[in-house]
Amino acid sequence: MLEKIYKTNSEEETYSFGQALGQILSQGDVLALQGDLGAGKTTLTHGIARGLGIETPVSSPSFTLLFEHPIGTRGMSLYHFDAYRLEDEMEWYDAGFMDYFNDSGVAVIEWADRIKNVLPENTLWLFIESNLSEPKQRKFRLLISEGLSEKVFVLEKLAAWEI
Ligand SMILES: Nc1ncnc2c1ncn2[C@@H]1O[C@H](COP(=O)(O)OP(=O)(O)OP(=O)(O)O)[C@@H](O)[C@H]1O
Ligand SMILES: [Mg+2]
């Protein structure tokens, strides 16, 4: 397991960081986001959409569980989930969401800790932490499993935010 730590100091910077992250994601990747209310999960995901070349206006899936973005210029869809309102993993199965872990796109899941038992083995985890004394600062801890070792070669795209 490889761990990298990144930092941003504004909402705009988190969007840019997300955009760079989107550029290193590829077909079939699953990115699990964990962080409190207002941590910046949705902001980051909007940046990821941009990084995947998706230019249509983006919505938040807060009330829908899933917002499926159209295919972007890199030929991939983005499946943006928000698991906040899920009671348990059975609801995830029942909704047919397992089918979205496939090679036609990238899945990004807010509140992924709610459904951690259904996530694929090679899920990328990103933990977002706020800092009470620095309200605009966010720290991002990215965990990359052995099975995703090819990602190591593209991580330099995130170097600007690394600490
Ligand atoms: N460095 C930062 N990165 C991202 N957002 C920031 C940052 N600093 C302050 N903010 C503020 O934090 C909020 C982040 O909101 P966002 O909807 O992205 O969070 P979220 O993690 O998706 O929340 P929720 O759990 O409700 O879905 C915004 O109001 C934004 O202005
Ligand atoms: Mg959100």
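Conventions we followed
- Residues numbered from 1 in each chain as written.
- Chains lettered and ligands numbered in written order.
- Predicted model: local features only at pLDDT ≥ 70, side-chain atom pairs only at ≥ 80, totals over all residues.
- Heavy atoms only, no water.
- Pairing = 2+ DSSP bridges.
- Helix = DSSP H or I, 4+ residues; strand = E, 2+ residues; numbered from the N terminus.
- Axes fitted to C-alpha atoms, helices over the stretch in contact; angles between N-to-C directions.
- Expected span 1.5 Å × (residues − 1).
- Buried < 20%, exposed > 50% of the residue type's maximum accessible area, 1.4 Å probe, protein only.
- Contact = heavy atoms within 4.5 Å.

**Details of the sheet that holds strand S1 (residues 2–8)**
Inference 1: Here we have 7 strands laid out as an open sheet, ordered S1-S7-S6-S2-S5-S4-S3, and mixed in their pairing. Each having just a single partner strand, S1 and strand S3 (66–69) make up the two edges of the open sheet. For this sheet the average axis-to-axis angle between neighbouring strands, irrespective of direction, equals 15°.
Inference 2: Here 7 bridges tie strand S6 (residues 124–131) to strand S7 (residues 134–144), and the two strands are oriented antiparallel to one another. Of the residues in S7, the one forming a bridge with Asn-131 is Glu-134.

**Brief notes about helix H1 (residues 11–24)**
Inference 1: An ideal rise of 1.5 Å per residue puts 20 Å on 14 residues; H1 measures up with 20 Å between its terminal C-alpha atoms.
Inference 2: Regarding H1, the residues found buried are Thr-14, Phe-17, Gly-18, Ala-20, Leu-21, Gly-22 and Ile-24.
Inference 3: Structurally, H1 contributes buried residues whose contacts are with S1, strand S2 (30–34), helix H2 (41–51), S6 and S7.

Geometric values such as these leave the question of function open.
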